[in-house]
Amino acid sequence: MPFSQFRGEAILFFTTLLAAAGWFFSKYAIADFPPVGFIAIRFLLAAVVFLPFAYRGLCQLSAIQLKMAGLVGFFFAINLIAWVLAITGDAKLGQGAFIISLSLLIAPCVSWLIFRNKPNAAFWLALPVSVLGLYFLVAEIGRASCRERV
């Protein structure tokens, strides 16, 4: 079987490895930086890297498009803050990774509210499963903290 048949799966696999490496890098970087400083450095570096490529396109946006882009950026910043808090607040990366992966379900909700883009059927199938997983995670964390107090 040729590699091109599984190209999408290979890209997804390597993207997942890069994301996992990012979690470990971020966990150790936050140990040396305050969380707000870490977020500021990430946004500043992203702006420096991408602004030269996006400047011409940004100048062509209308005021409404800029407002919507700012709103999306605001929600992205909230998501990033939740991600950093998930990394800093828990010694177990898996719990924080699960919680922040729920942003994949929050994004369609925000898109539905802001842009009126109705989520597809896969979203409605994943939502109850993820809420159930979050319930079990919170219940386990609650039980663990009760055991520590005793």
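It should be noted that the structure appears before, not after, this text.
What counts, and at which threshold
Residues numbered from 1 in each chain as written. Predicted model: local features only at pLDDT ≥ 70, side-chain atom pairs only at ≥ 80, totals over all residues. Heavy atoms only, no water. Helix = DSSP H or I, 4+ residues; strand = E, 2+ residues; numbered from the N terminus. Contact = heavy atoms within 4.5 Å. Areas by Shrake-Rupley, 256 points an atom, 1.4 Å probe, with all protein chains shown as cover. Buried < 20%, exposed > 50% of the residue type's maximum accessible area, 1.4 Å probe, protein only.

A tally of regular secondary structure across the chain gives six helices and zero strands. Across the chain, helices and strands are ordered from the amino to the carboxyl terminus as α-α-α-α-α-α. Contacts in the chain between residues far apart in sequence, at least 24 positions, make up 65% of those at least 6 positions apart. Split by element, the accessible area of the chain, about 11,500 Å² in all, is 75% carbon and sulfur.

What follows deals with the side chain of Ser 130. Structurally, Ser 130 is set in helix α6 (residues 121-149). Those residues within four positions of Ser 130 in sequence are excluded, and the remaining contacts are Phe 98, Leu 102 and Leu 105.

Turning our eyes to something else, we now look at unusual backbone geometry. If you check the backbone angles, Arg 116 has positive phi at about 65° while not being a glycine. Secondary-structure assignment places Arg 116 in the loop between α5 (103-115) and α6. A relative accessible area of 64% means that Arg 116 is categorised as exposed.

These figures come from the coordinates and say nothing about function on their own.
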